[in-house]
Amino acid sequence: MPETETLDEAKRIMQICNACRYCEGYCAVFPAMTKRLNFNDGDVTYLANLCHGCQGCYYACQYAPPHEFAVNVPKTFAKLRGETYRDYAWPGIFKKLFEGNGKWVALIVVALTVIVTGLTYAIQGVDVVSGVYKGEGSFYKVIPHDVIVYVASAPFLFAILAFFVGLMKFWKDIGAKPMDLLHPRALTKALKDAGQMKYMGGGGHGCNYPDDNYSMGRRVAHQFTMWGFLLCFAATSVATVYHYVFGWPAPYDYFSVPVVLGTLGGIGLLIGPPGLLMIKKKADPEPQDTKQHGMDIAFLWLLFLTGLTGLALLALRETSLMGLLLAVHLGIVLGMFVTFPYGKMVHAVYRLGALIRFAHENDVKK
Amino acid sequence: MPPTAFLEPHDVLILGAGNAAMSAAITARKMGASVLMIESADKDLRGGNSRHVRNIRYSHNAATDYVTGAYEASEYMTDLMRVTDGNTNEELMRFMIEASEDCADWMIEQGIKFQPPLSGTLGLARTNAFFLGGGKAMMNSYFKTCEKLGIDIVFEAEVEDVEMEGSKFVAAQVRHKGELHRVEARTVVLASGGFEANIEWLKEGWGDIAENFLVRGSPMNTGKVLRSMLNNGAKSVGVPEQCHAVAIDGRAPQFDGGISTRVDCVIFSVVVNKNGDRFYDEGEDIWPKRYAIWGRLVAKQPDQVAYAVIDSKSMGLFMPTVYSPIQSDTLAGLAEQLGVDAPTMEKTIADYNAGVQPGDFNATEPDGCHTEGVEPKKSNWARKIDTPPYYGYPVKMGITFTYLGLEVNKRAQVFMNDDKPAQNIWAAGEIMAGNILGQGYAGGTGMAIGNVFGRIAGEEAARHARN
Ligand SMILES: Cc1cc2nc3c(=O)[nH]c(=O)nc-3n(C[C@H](O)[C@H](O)[C@H](O)COP(=O)(O)OP(=O)(O)OC[C@H]3O[C@@H](n4cnc5c(N)ncnc54)[C@H](O)[C@@H]3O)c2cc1C
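Predicted model, so just to flag it, every value in this text is computed and none were measured. Within each chain, residues carry numbers counting from 1 in the order of the written sequence. Following the order in which they are written, the chains are lettered starting with A and the ligands numbered starting with 1. Whole-chain, interface and lining totals are the exception, using all residues; otherwise, since this is a predicted model, local features are given only for residues with pLDDT of at least 70 and side-chain atom pairs are given and counted only at 80 or more. Side-chain figures throughout are based on the complete set of non-hydrogen atoms in the structure, without hydrogens or water.

1. Re the overall build of chain A
- When helices and strands are counted, chain A shows 14 helices and two strands.
- With respect to the three principal axes, the spread of C-alpha positions in chain A is 70 × 40 × 40 Å.
- For every residue, the accessible area obtained with a 1.4 Å probe (protein chains only) is divided by the maximum for its type, and the residue is called buried under 20%, exposed over 50%, and partly exposed between those limits. Scored against the burial criterion, the 366 residues of chain A give a buried share of 56%.
- Throughout, a contact is declared for two residues whenever any of their heavy atoms are within 4.5 Å. Considering only contacts in chain A between residues 6 or more positions apart, those separated by 24 or more positions represent 75%.
- Summed over its atoms, the accessible surface of chain A is roughly 15,900 Å², and 69% of this surface lies on carbon and sulfur atoms. Secondary structure elements follow DSSP: runs of H or I of four or more residues count as helices, runs of E of two or more count as strands, with numbering from the N terminus. In these tables, accessible area is a Shrake-Rupley quantity obtained with a 1.4 Å probe, and a residue counts as shielded only by the protein chains included in the view.

Next comes the structure, spelled out in structure tokens:
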């Protein structure tokens, strides 16, 4: 559970908001708030993670500073989310990675990339790495398929486990029952709301981001990022099925399913993250927890570099640069998976959890 | 140094920058006039009382994305005639209501956003359109439109006096950063609100008890422009004690507490004064129909304060409050914490409990659960106060806005005491709301009055200045 000070501030603010309710049209947070009379620690932790940070309610607030009520929902909830990410991190010793997270993530990713690339050269020798290969199984001449699979899947599976443990702790603290997580209608609704990023919508007009103008910019950039990532993930999954089920080794044709998905996903990651970085740079710091910017920026760069090296590998796979690019791409992907449970990626886990809870509450209370 | 905008006379000078002022400024600017707005608040607290609003009541013939059904002009008229008890300029009222039909569309054109009807729309979902995010979001959109159109605005500039030659406006005396400047213009629109934040003036109507009133909205609405106009021979409408006032939490800030300070538990409670005595039927009618009379009722009690007492049975039946209730396991303990005479309050509640008749309690509509043999009677929602913990809310009168203002006609022209309109002066909003609201109120009317007369004032002033 996050720190008392932030929890208390969130509770103080929610009591004011619940007596006003002018912001009910912006997002899910306020309708969820109105279902409650009092707010305990779990309630505000839930509401904070339901908040998409669109900031509409900050600029609309008659009680925002300098008013003596000093209401700042997006900033307080951002802080609380930051504390959620840290406190539900598993195993507990890695909580520290959320202090100065941007630097940690950068360090881990760079280190892993250097190690993977260095080892590739050391083990295979320069001649093999810079060879030109064509046709089936050419990647595996530089790094054997099994090595790629183990190196990538071990941290990935561990990340899934860590996400799950964190989510279950969060789920218990916000007062929900384990089986509610799998409620079919709630799950469908939550996935739909997440897929459309409905609540980055300011009631259909967009976020008040980077300033008090309504803009779809953030939602669009986030959609490129999220769907870019998901398409890349889908590409890898299809390729894995091709390999193990059908016995078709990579590389695949430019118009094959995995390559098309991966290319689209990679393009998404080339557009989305820089877009988000750019608007973040212009953003008004008042409604934000600026201490988390390091975490956000590191994650966006990581996604961008994943997309960039992936596409470069695709484009240059029949040249002598393939070996180097493969090693670098693998290193970055490895860094991404390793830092998944200890970086910005966790926002997706708790956000989705909060959306399921919201959908479930609405479904049941009907 | 005066702000550069003060140096050159504009076609239209607008005093204030709330909803009425914006409606005038944007209309005048779109007709090609040069426009200067003078506003006493700073940028952070701009928007006057309009920054506190929730919705606008306007006539419409069909449901839209923002209202659930038709609200014909005739029904609007019936409603306003009832709440004002006919204390109005009927012709002006009818005109305002008919003209209100395109208020929402006009506002949308200025970038203002409405929300779909939701749970919190307080039973007004058919008659009123609700601003997405409320009044401050609405004002933000107005200010953006002003910027785009090239309307000059000077903040932290308070009009102290209006200079006239006969019935003609010449200049405004404006204090900006401590210095007094004379600002000339070809025409002027007065949209600087009422005098609800001027306790001294309120005392003229209410006497010293006004010292204990809380002001729900802007501290800037002190009525300096209105006073200056009256001194210059403008004709007034209404009386100083008429205003919109409600019962709010007694712990609210002196100014700008806004909507969140309301206390909605009265109908489920027993309300006592400092001495521990009841003084009015708490359950006369549903709360939205009664909250506006309770401000006055409380104002008549000793120290202008009262205390609504409920027990744990009623918790959760009304809108949550911004301040937590004062709580105790005994009525005597509660009385002590509230500062109410404890023996009397205990007796009052014991008598009340003894008078409660059996019935089927229903929180959502008048349920006939009443008392007998108690004075005053409680007509609905009467249940025994007997289940601790007990809760108490101090309530005081919160004034929303005053009705004494300037007499105008359908063209929003300000009248002089000789019953002739001034040559180049128009008024809109609270400063002239008393023409329509002699007494009483229906939620959302303030915005409609400001928008309808603001647009007319802007149009008339622009046309006059350019001829
Ligand atoms: C809590 C609350 C909730 C309300 N809710 C609603 C609602 O939901 N719907 C509705 O229709 N009405 C509502 N009202 C009433 C509504 O606010 C007013 O009717 C309306 O805002 C009046 O608009 P206006 O432009 O005349 O005045 P204002 O918006 O108050 O604007 C007047 C402006 O003039 C400025 N000013 C004052 N004196 C001077 C001076 N000497 N020099 C320069 N500038 C000056 C002020 O700073 C202010 O900005 C509410 C009021 C309150 C307090």
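Read on, since the account is not over.
2. Focus: the overall build of chain B
- The secondary structure content of chain B amounts to twelve helices and 18 strands.
- As a reference, a globule follows 2.2 Å times the number of residues to the power 0.38, and the radius of gyration itself is taken over C-alpha atoms. Taking 467 residues into account, the globule formula puts the C-alpha radius of gyration at 23 Å, and chain B, at 23 Å, falls close to it.
- Principal-axis analysis of the C-alpha atoms gives chain B an extent of 75 × 50 × 40 Å.
- Scored against the burial criterion, the 467 residues of chain B give a buried share of 60%.

3. Describing the domain arrangement of chain A
Residues and elements named next belong to chain A.
- Throughout the structure description, domain borders are defined by an automatic or database domain assignment. Split by domain assignment, chain A resolves into domain 1 (4–87) and domain 2 (99–190 + 200–364).
- A straight line from the C-alpha centre of domain 1 to that of domain 2 covers 29 Å.
- Contact with domain 1, which involves 31 residues of that partner, is made by 34 residues of domain 2.
- When the two sides are added together, the surface that domain 1 and domain 2 hide from each other amounts to roughly 2,700 Å², 55% of it contributed by carbon and sulfur.
- Salt bridge, as applied in this entry: a Lys or Arg side-chain nitrogen positioned within 4 Å of an Asp or Glu carboxyl oxygen. For the interface between domain 1 and domain 2, the tally reads two salt bridges.
- Here Glu-99 ties to Arg-86 by a salt bridge, and the two come within 3.7 Å at their closest N and O atoms.
- Between N or O atoms, a polar contact is any pair within 3.5 Å; within protein, one atom must be a potential hydrogen donor and the other a potential acceptor, and residues adjacent in sequence are included only when both atoms are from side chains. One can count 19 residue pairs in polar contact (both at pLDDT 80 or more) joining domain 1 with domain 2.
- With ten residues, the single largest contributor to the side of domain 1 that touches domain 2 is helix 5 (residues 73–87).
- Residues were grouped as follows: Ala, Val, Leu, Ile, Met, Phe, Trp, Tyr, Cys and Pro as nonpolar; Asp, Glu, Lys and Arg as charged; and all remaining residues, including Gly, as polar. Along the lines of polarity and charge, the residues of the side of domain 1 that touches domain 2 split into 13 nonpolar, eleven polar and seven charged. Using a 1.4 Å probe, buried area is obtained as the accessible area two parts lose upon being combined, added over both of them.

4. Regarding the nonpolar core
- We call a set of buried Ala, Val, Leu, Ile, Met, Phe, Trp, Tyr and Cys residues a nonpolar core when their side-chain atoms join them within 4.5 Å. With 106 residues, the main nonpolar core has Leu-13, Met-37, Ile-56, Met-96, Leu-190, Met-229 and Phe-453 of chain B as its most contacted residues.
- Of the residues that make up this core, three or more belong to each of domain 1 (4–239 + 403–466) and domain 2 (245–398) of chain B.
- If we skip the residues at most four places from it in the chain, Phe-453 of chain B touches Leu-92, Phe-95, Met-96, Asn-409, Lys-410, Ala-412, Ala-427, Ala-428, Met-432 and Ile-436 of chain B.
- Of all hydrophobic cores here, the second largest spans 85 residues; its members include Cys-23, Tyr-26, Leu-97 and Leu-269 of chain A.

5. Considerations on the site of the ligand
All names here are of chain B.
- A cutoff of 4 Å decides nearness: a residue is near a molecule or strand if any of its heavy atoms lies inside that distance of it. Around the ligand, 39 residues are found, and the nearest of them are Glu-39, Ser-50, Asn-55, Asn-221 and Met-447.
- Between the ligand and Ala-20 there is a distance of 3.0 Å, counted from an oxygen atom to a backbone nitrogen or oxygen.
- In the model, a nitrogen atom of the ligand is placed 3.4 Å from a nitrogen or oxygen of the Met-220 main chain.
- Across the complex, the protein chains shield 97% of the 1,000 Å² of accessible surface that the ligand would expose by itself.
- Looking at the shell around the ligand, the elements with two or more residues in it are helix 1 (19–30), strand 6 (157–165), helix 7 (224–231), strand 15 (390–402) and helix 12 (445–466).
- Class assignment of the residues belonging to the shell around the ligand gives a composition of 13 nonpolar, 20 polar and six charged.

6. Things to note about helix 12 of chain B
- To estimate the expected span of a helix, count its residues, drop one, and scale the result by 1.5 Å. If you check helix 12 of chain B, its first and last C-alpha atoms are 32 Å apart, about what 22 residues at 1.5 Å a residue would give, namely 32 Å.
- Extensive coverage of helix 12 of chain B is indicated by the burial of 17 of its 22 residues.

7. Here we look at a nonpolar patch on the surface
Residues and elements named next belong to chain A.
- In this scheme, patches are assembled from residues that exceed 30% relative accessible area and form no salt bridge. Like charges are connected within 9 Å, while nonpolar side chains (Val, Leu, Ile, Met, Phe, Trp, Tyr) are connected within 5 Å. Together, Met-216, Val-220, Phe-224, Ile-267, Leu-270, Ile-271, Ile-297, Trp-301, Leu-305 and Leu-308 make up a nonpolar patch on the protein surface, roughly 780 Å² of accessible area in all.
- Sorting the residues of the nonpolar patch by element identifies helix 10 (217–246), helix 11 (257–282) and helix 12 (293–315) as the ones contributing at least two each.
- Broken down by element, the nonpolar patch gets its largest block of residues, four residues, from helix 12.
- By the secondary structure assignment, Trp-301 is in helix 12.
- Assessed through its relative accessible area of 45%, Trp-301 is described here as partly exposed.

8. A short note on the domain arrangement of chain B
Residue and element names in this part refer to chain B.
- Domain annotation for chain B reports domain 1 (4–239 + 403–466) and domain 2 (245–398).
- Computed over C-alpha atoms, the centres of domain 1 and domain 2 are 35 Å apart.
- Across the boundary between the two partners, domain 1 contributes 15 residues, which contact 20 residues of domain 2.
- Roughly 1,700 Å² of surface becomes buried between domain 1 and domain 2 when both sides are summed, with 58% attributable to carbon and sulfur atoms.
- Considering only the side of domain 1, the residues that lose the most area to domain 2 are Asn-212, Leu-214 and Arg-216, jointly responsible for 44% of the buried surface there.
- Linking domain 1 with domain 2 are one salt bridge, by the criterion used here.
- Residue Asp-256 pairs with Arg-51 through a salt bridge whose shortest N-O separation is 3.7 Å.
- Applying the counting rule to domain 1 against domain 2 returns ten residue pairs in polar contact (both at pLDDT 80 or more).
- Of all the secondary structure elements, the ones that give two or more residues to the side of domain 1 that touches domain 2 are helix 6 (199–206) and strand 9 (214–215).

9. Quick word on the interface of chain B and chain A
- With 36 residues of chain B at the contact, the number on the chain A side is 26 residues.
- Summed over both partners, the interface of chain B with chain A buries about 2,700 Å², with 55% contributed by carbon and sulfur atoms.
- Broken down residue by residue, the surface that chain B buries against chain A is led by Leu-132, Lys-144 and Pro-320 of chain B, which jointly contribute 19%.
- Remark: the boundary between chain B and chain A carries 17 residue pairs in polar contact (both at pLDDT 80 or more).

10. Description of the pairing of strand 1 (residues 10–15) of chain B
Residue and element names in this part refer to chain B.
- The buried fraction of strand 1 is high, at six of six residues.
- We call two strands paired when DSSP finds no fewer than two bridges between them. By the bridge criterion, four bridges tie strand 1 to strand 2 (residues 35–38) in an arrangement that is parallel. If you follow Leu-13 over to strand 2, its bridge partner there is Leu-36.

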